[in-house]
Amino acid sequence: MSAAVYSPPFTPPEELPTALRQEGYAVLSPKGTSDWLGRPLDELQALHADWDRLPPDEYLKDGGRYRTRRHSCFVAEDEALEQVPHRAHWQPVEYNALHGGMQRWFAPMEEATVARPAWRALLQRLAGAASALRGPQRWFIEAHQFRIDTEGGIGRPTPEGAHRDGVDLVAVALVGRHGIKGGETRVFEGRRGERFTLAEPWTLMLLDDARVIHESTPIQPLAEGEKGWRDTLVVTCRAGGFQG
């Protein structure tokens, strides 16, 4: 059984800043992501083992048990990058009507992961993209590792619906997907909307969060009774400080 997949409009890495300014978003292919970071793709693929060890998300207000995750925070300025003491994830209800206003304490990312050169290169590059969009400054970065599974029949990557995150730059990397249909990405600016599927590992989407809203549609198993999941990494860059 197969499901329709709409290919993203890939942007060459050298055109990424222009695409972000003109369109409000850009998508890099896996090779484009590797070239943009200056790291081999297999270094990024090596991060995927972490997603098999994510603890459950205990804060889902829709009663679901379909999401596991980790969360850590960093600060980047110029070439410097440091991890900050572990802190809660918080969003105002204006940006997340379902889970806003809650202090959500998720397990931190594994130490071995944040020490990897590919991880540091990714965060530094994303901070650079935020500076190209808003001007050079200190960036407050939150990183979220998500697995959405279909064990209960359906999984919701964005249970809050189409939304902004209240930051300057959002990056969504597809780390892997297995045995699922759905999980379509949608990006909206006013009445204009784009839809496509992040299907290949380390496809990377960048969004100007002040300009566009985004969501991912629910996922279901391709075959009844078989396990399915969608793994993503979401990284946000915000000027001025962390929310909350």
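Attention in this report is confined to the structure presented alongside it. One numbering rule holds for all chains: residues counted from 1, following each sequence as written. With the structure being a predicted model, the display of local features is reserved for residues of pLDDT at least 70 and the display and counting of side-chain atom pairs for 80 or more, all residues being used for whole-chain, interface and lining totals. Water and hydrogen atoms play no part in the side-chain values, which are based on all heavy atoms of the structure.

Burial of helix α2 (residues 30-37) is extensive: six of the eight residues sit out of reach of the surface. When we look at burial in α2, the residues that qualify are Pro 30, Gly 32, Thr 33, Ser 34, Trp 36 and Leu 37. Tucked inside the fold, the buried residues of α2 contact α1 (16-23), β1 (25-28), α3 (41-45), α5 (117-134) and β9 (203-208). Secondary structure elements are defined from DSSP: runs of H or I of at least 4 residues count as helices, runs of E of at least 2 residues count as strands, and each element is numbered from the N terminus. Looking one or two residues beyond α2, the residue adopting positive phi is Gly 38, at roughly 70°. Residue exposure (1.4 Å probe, protein chains only): buried if accessible area is under 20% of the type maximum, exposed if over 50%, otherwise partly exposed. Contact criterion: two residues are considered in contact whenever any of their non-hydrogen atoms come within 4.5 Å of each other.

Moving on: the pairing of strand β3 (residues 80-83). Between any two strands, pairing holds if DSSP finds at least two bridges. Sheet topology note: the strand β2 (residues 67-77)/β3 ladder contains four bridges and is antiparallel. Each bridged residue has a counterpart across the sheet, and for Glu 77 the counterpart in β3 is Ala 80. The turn joining β2 and β3, which pair antiparallel and follow one another in sequence, is formed by two residues; a positive phi near 55° is taken by Asp 78.

Taking strand neighbours across the sheet as the criterion, the seven strands line up as β1-β9-β5-β12-β4-β2-β3 in an open arrangement whose pairing is antiparallel. Both edges of this open sheet fall to β1 and β3, since each of them pairs with a single strand only. Going from strand to strand, the sheet's axes swing by 20° on average, the running direction of each strand aside. Pairing of strand β5 (residues 169-178) with strand β12 (residues 229-239), which is carried by nine bridges, proceeds in the antiparallel orientation. An axis is simply a line fitted to the C-alpha atoms; with a helix, the fit covers only the stretch in contact. Between two such axes, the angle follows the N-to-C directions and lies from 0 to 180 degrees.

Further remarks concern empty space enclosed by the protein. A cavity, in this analysis, means grid points on a 1 Å lattice covering only the protein atoms where a 1.4 Å probe fits yet has no way out; a pocket is instead an open set bounded by protein on both sides within 12 Å along at least five of seven lines, and a residue lines either one if it has an atom within 4 Å of a point. Grid points are joined across faces, edges and corners, and a volume is the space filled by probe spheres set on the points. Enumeration according to the criterion identifies two cavities of 30 Å³ or more in this entry. Empty space within the second largest cavity amounts to approximately 40 Å³. In terms of lining residues, the second largest cavity is bounded by Phe 140, Glu 142, Val 167, Thr 236, Arg 238, Gly 241, Phe 242 and Gln 243. At the level of elements, β4 (139-149) and β12 are the ones that each hand at least two residues to the lining of the second largest cavity.

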